[in-house]
Amino acid sequence: MPAMAWEYVTAGAGDELTVRWNQEAYQRIRLRPRVLVDVSKLDTRVTLFGQELAFPILLAPTAGQKLLHADGELATARGAAAAGTAMVLSCFSGTSLEDVAAVAKSPLWFQLYVQPDHGFTRELVQRVEAAGYRALCLTVDTPITGARNRETRAAVKLPPMPHLEGFKVDGREGHLHPGSAQVFSGVLDAALSWKDVEWLRSVAKIPLVLKGVMNPDDADRAAKSGVAGVIVSNHGGRNLDTLPATIEALPQVADKVAGRMPVFVDGGIRRGTDVLKALALGASAVFIGRPYLYGLGAAGETGVMQVINILQREFQMAMALTGRTSIASIDRSVIWA
Ligand SMILES: Cc1cc2nc3c(=O)[nH]c(=O)nc-3n(C[C@H](O)[C@H](O)[C@H](O)COP(=O)(O)O)c2cc1C
């Protein structure tokens, strides 16, 4: 992939400590094996909001995939379907949500950034629902962007974003220049609050998931506000540097939520053992970001499929070698305390 695209994908905020910690925290967690369990049959199926998936690894939303491969989001949707998992399409995708829905053969979710103009957001949600998307994923960790120093130095310019047509900046039709800093500051709603979550719940017919919750008190508030789930995420370390690793926040969030809704996690998942650890510490499923983008850059839809296949196989190995035969049997006793 072009050097600028590589910088875009790998970069994080500030000194990129959180990017590193997300992975290192998994490396510090050790597993407790169980021997002499019949693991000849493994069942990795999960049901999320009424949709059954063959295994609990989904694709996180990522903006501007055409920077990495000419087929962009269409290749990702095809790769996800070939591997048998769901994809979350970014609000900042380079392909329209209808075009992605037309090629997708596995479940799609849509990631939303709410705009101050609620009328615009409402229409977007209606389009999302009409196109058959199964869940809305509201990103709540980005009222503004953080210090994306490396992206700035690399002068990252994102491809045009069809969902932003009609976005208004300061009440006027925005002339958005592709280029992430300007685009983000023009379209994010810094005033986003719980009121908007309630409003969005009243508008959306599909389940609403909050993405980017790290604080257990926020997760508690989310459960009380009746959302369908939360994703423990620090945006892959791209927004606020020195946040802890998501796998460290996950058990605290899961304890506070106490089964009232599913809790998901993303950030730093690179191995099947990481998936097992996340499920053991309270996640119903995990999302991956950069790994499938590397697959996309290397080999388009085949690359995306291959990355998911590898993780899925490694996850099965980790289950078998810790003596777990079903998702329900993966609990905290898998972790060497
Ligand atoms: C290049 C890139 C673009 C991203 N764009 C978005 C986005 O548009 N919306 C969003 O909610 N998260 C976005 N994210 C964050 C991911 O959804 C996810 O939280 C993160 O990548 C997970 O960490 P990982 O890359 O270590 O797997 C982006 C991440 C990357 C790497």
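Since the model is a prediction, treat every value here as computed from it, not as a measurement.

S.K.: When you look at the overall build of the chain in this model, what are you seeing that I'm missing?
M.R.: Scanning the chain for helices and strands turns up 12 helices and 12 strands. For 337 residues, the compact-globule estimate of 2.2 N^0.38 gives 20 Å, and the C-alpha radius of gyration of the chain, at 19 Å, lies within 12% of that figure. By its C-alpha atoms, the chain is 65 × 45 × 40 Å across when sized along the principal axes. Out of the 337 residues in the chain, the part that is buried amounts to 47%. Counting contacts in the chain only where the partners sit at least 6 residues apart, residues at least 24 apart contribute 71% of the total.

S.K.: Mind showing me how you'd approach the site of the ligand here?
M.R.: Near the ligand, the surroundings consist of 24 residues, among which Ala60, Ala63, Gly236, Gly289 and Arg290 are the closest. Across the shell around the ligand, the residue classes break down as 9 nonpolar, 11 polar and 4 charged.

S.K.: Honestly, the packing of helix 3 (residues 72–83) against helix 12 (residues 290–321) in this entry has me stumped. Any pointers?
M.R.: The description of two helices packed together rests on the angle between their axes and the distance between the axes. The N-to-C vectors of helix 3 and helix 12 enclose an angle of 15°; their axes lie 7 Å apart at closest approach. It follows that helix 3 is roughly parallel to helix 12 by the angle criterion. Every pair of crossing elements has a handedness; the one defined by helix 3 and helix 12 is right-handed. Residues Ala75, Thr76, Arg78, Gly79, Ala80, Ala82 and Ala83 of helix 3 touch helix 12, and the partners they reach there are Tyr292, Leu296, Gly300, Glu301, Thr302, Val304, Met305, Ile308 and Asn309.

S.K.: Before we go on, may I ask you to explain the packing of helix 11 (residues 272–280) against helix 12 in this structure?
M.R.: With their axes 7 Å apart at the nearest point, helix 11 and helix 12 run at an angle of 60° to one another. In terms of orientation, helix 11 and helix 12 fall into the oblique class. Regarding helix 11 and helix 12, the two cross each other, and that crossing is right-handed. Only Leu311, Arg313, Glu314, Phe315, Met317, Ala318 and Met319 of helix 12 make contact with helix 11, whose side of the interface consists of Gly272, Thr273, Val275 and Leu276. Here the residues of the contact of helix 11 with helix 12 are counted per class, giving 7 nonpolar, 2 polar and 2 charged.

S.K.: What exactly am I supposed to notice about the nonpolar core here?
M.R.: When a protein is soluble and globular, its nonpolar side chains tend to lie buried together. Membership of the largest hydrophobic core comes to 98 residues, with the highest contact counts inside it found for Val232 and Val286. The element contributing the most residues to this core is helix 12, with 11 residues.

S.K.: Any chance you could explain the pairing of strand 12 (residues 285–288) here in plain terms?
M.R.: Across the two faces of strand 12 the burial is the same, with Ala285 and Phe287 and Val286 and Ile288 all buried. Here strand 3 (residues 57–59) pairs with strand 12 via 3 bridges, running parallel. In the sheet register, Leu59 faces strand 12, and the bridge partner there is Ile288. Pairing of strand 11 (residues 263–266) with strand 12 involves 3 bridges; the strand directions are parallel. The residue bridging Asp266 from the neighbouring strand is Phe287, located in strand 12. Tracing the backbone out of strand 11, into helix 11 and back to the parallel element strand 12 gives a crossover that is right-handed.

What counts, and at which threshold
Residues numbered from 1 in each chain as written. Predicted model: local features only at pLDDT ≥ 70, side-chain atom pairs only at ≥ 80, totals over all residues. Helix = DSSP H or I, 4+ residues; strand = E, 2+ residues; numbered from the N terminus. Rg over C-alpha atoms; globule rule 2.2 N^0.38 Å. Buried ≥ 20, exposed ≤ 12 C-beta atoms within 10 Å, placed from the backbone. Contact = placed C-beta atoms within 7 Å. Near = placed C-beta within 6 Å. Nonpolar A, V, L, I, M, F, W, Y, C, P; charged D, E, K, R; others polar. Axes fitted to C-alpha atoms, helices over the stretch in contact; angles between N-to-C directions. Parallel < 35°, antiparallel > 145°, perpendicular 65-115°, else oblique. Left-handed = near helix turned anticlockwise from the far one by under 90°. Core = buried A, V, L, I, M, F, W, Y, C linked by C-beta atoms within 7 Å. Pairing = 2+ DSSP bridges. Right-handed = clockwise from strand over helix to strand, strands pointing away.

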